[in-house]
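Residue-level structural notes
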Amino acid sequence: MRKVVKFGGSSLANAEQFQKVGDIIRSEESRRYVVPSAPGKRFSKDTKVTDMLYACYDAAVAGDDFSGQLKAIKDRYYEIIRGLKLDLSLEEEFKQIEADFKNQAGSDYAASRGEFLNGKIMAAYLGYEFVDAASVIRFDKNGNFDSEKTDKLLSRRLAKCEKAVIPGFYGACEDGVVKTFSRGGSDVTGSLVAKAIKADVYENWTDVSGFLVTDPRIVDNPAVIETITYRELRELSYMGATVLHEEAIFPVRKEGIPINIRNTNKPEDEGTFIVESTCKKPKYTITGIAGKKGFCSINIEKSLMNSEIGFGRKILQVFEDQGISFEHVPSGIDTMTVYVHQDEFEEKEQQVIAGIHRAVQPDFVEMESDLALIAVVGRGMKSTRGTAGRIFSALAHVNVNVKMIDQGSSELNIIIGVENRDFETAVKAIYDIFVITQI
């Protein structure tokens, strides 16, 4: 078995965390390819190394003396090296970084040094080969990620490595100019490495024991999802649930490689498996609950709307013309409601209303603001009767008024609209009826 293991910034914030990571990797021979992030916060008011690098580079570009900031970054790394009792010097690397900062090598280059330096330490600590991501992760001349070239380079290079450390978050163009993925991009690097070596599992180690059924800021100690499909994850991520960088899913999904979200601080926990498909029955009827506040609804009424060809297209064209994307469009015989992000809509509301009147001559247009949307997602809902009824019952019990309900044709998710002020109450009530009481 071959595993790719990626560790987030909180897992590598100091020497103590490094030691935990080392124990995890050495505990299984299969963990042969390691993707580290830059050191994260050691305590709540600490600064991530990536943010320190950005600030240091900005000072260099402004022509200010950045030696003190660079020394603070160096101290962070040497604190880890000393704590691990390593015989390792990063002096040459820091001399190069200083020169490149003076020559304004770019903010992407600056940010990437966090992972680069951590990768050097990790390789020395484990006795693994260091593979610079700039040599194997390729971007085109316009700065767009080149997946085909990357897969060829990675596959060819890692075929020669029994065990390797590949820093996350960055790559380079053909001319050597360093480019980074968006924040959290180390997840993507791990996924690309897993695809290239045809890994059996991609383990993504972080500071939570997997994907939770709902937001722990709303529900105390929510249950962990044991297995979730990519489709379910996509639905929950879209509504704000985040554990993994979205783009990290696609490389491994194409290869059918499962992702296992694990907790560095609780390695005994099984975590969450993210898979293409599964015949395993979920523990609960629902897989997860996620949601967002800050929506508004525009309700359009017109008699005999259903017999007017092109009515829906004309309405949505008005929103498109104003550069506003819609979230949901539930409709009735003579009504159509469009849900949009309130902050996007407010500045252009009068232009939209005027556009709707010109486009379809409605009988009536009504708006409602300060709404929240909640997604209840689960493959188990398809084979379970009365899921929507249970949701209504739970919300009625806590006096939450449902403004909208919309179920996808796949029966994988149900979207509920409530007032912003009822959002947390609604999430707790839905969690309670499906997970705690399971009535």
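Below is a summary of the structure that appears in this document. (Residues numbered from 1 in each chain as written. Predicted model: local features only at pLDDT ≥ 70, side-chain atom pairs only at ≥ 80, totals over all residues. Heavy atoms only, no water.)

Side note on unusual backbone geometry
- At Gln104, a position not held by glycine, the phi torsion is positive, near 55 degrees.
- Here Gln104 lies in the loop between α4 (91–102) and α5 (107–126).
- The class for Gln104 is partly exposed, based on a relative accessible area of 45%. (Helix = DSSP H or I, 4+ residues; strand = E, 2+ residues; numbered from the N terminus. Buried < 20%, exposed > 50% of the residue type's maximum accessible area, 1.4 Å probe, protein only.)

Points about the side chain of Glu203
- Mapped onto the secondary structure, Glu203 falls in strand β8 (residues 201–206).
- Overall, Glu203 belongs to the buried group, its relative accessible area being 1%.
- In terms of polar contacts, Glu203 uses its side chain to reach the side chain of Lys3, at 2.9 Å.
- Among all residues touching Glu203, those that are not within four sequence positions of it are Lys3, Val4, Val5, Lys6, Arg31, Asn260 and Arg262. (Polar contact = N/O pair within 3.5 Å; in protein donor to acceptor, adjacent residues only side chain to side chain. Contact = heavy atoms within 4.5 Å.)

Description of a negative patch on the surface
- Side chains of Asp343, Glu344, Glu346, Glu347 and Asp370 sit close together on the surface and give a patch of like negative charge.
- With respect to the helices and strands, Glu344 occurs in helix α11 (residues 342–345).
- Relative accessible area serves as the criterion here: at 32%, Glu344 is assigned to the partly exposed category. (Patch = residues over 30% accessible without salt bridge, like charges linked within 9 Å, V, L, I, M, F, W, Y side chains within 5 Å. Areas by Shrake-Rupley, 256 points an atom, 1.4 Å probe, with all protein chains shown as cover. Salt bridge = Lys/Arg side-chain N within 4 Å of Asp/Glu carboxyl O. Lys, Arg positive; Asp, Glu negative; His and termini not counted. Charge placed at Lys NZ, Arg CZ, Asp CG, Glu CD.)

Comments concerning the sheet that holds strand β16 (residues 404–407)
- Taken in spatial order, the six strands make up an open sheet running β13-β14-β12-β15-β17-β16, and their pairing is antiparallel. The open sheet terminates on both sides in strands that have one partner only, identified here as β13 (326–328) and β16. Neighbouring strand axes in the sheet, compared pairwise and without regard to direction, differ in orientation by 40 degrees on average.
- The pairing of strand β12 (residues 288–301) with strand β15 (residues 364–377) spans twelve bridges and is classified as antiparallel. Counted as the bridge partner of Ile298 is Met367 from β15.
- Across the sheet, helix α10 (residues 311–321) touches β12, β13 and β14 (335–341), and the angle it forms with β14 is around 25 degrees. (Pairing = 2+ DSSP bridges. Axes fitted to C-alpha atoms, helices over the stretch in contact; angles between N-to-C directions.)

Concerning helix α8 (residues 230–238)
- By the burial criterion, the buried members of α8 are Tyr230, Glu232, Leu233, Leu236 and Ser237. Projected down its long axis, α8 shows its buried positions confined to an angular sector of 155 degrees, all on one face.
- Looking at the buried residues of α8, the elements they touch are β9 (227–229), α9 (249–255), β10 (259–263), β11 (272–275), β12 and β15. (Arc of directions from axis to C-beta.)

Quick notes on the pairing of strand β17 (residues 413–419)
- The buried fraction of β17 amounts to seven of the seven residues, a majority that puts the element mostly inside the structure.
- In this sheet, β17 lies alongside β15 in antiparallel orientation, the contact comprising seven bridges. Note that in β17 the partner of Val377 across the bridge is Asn413.

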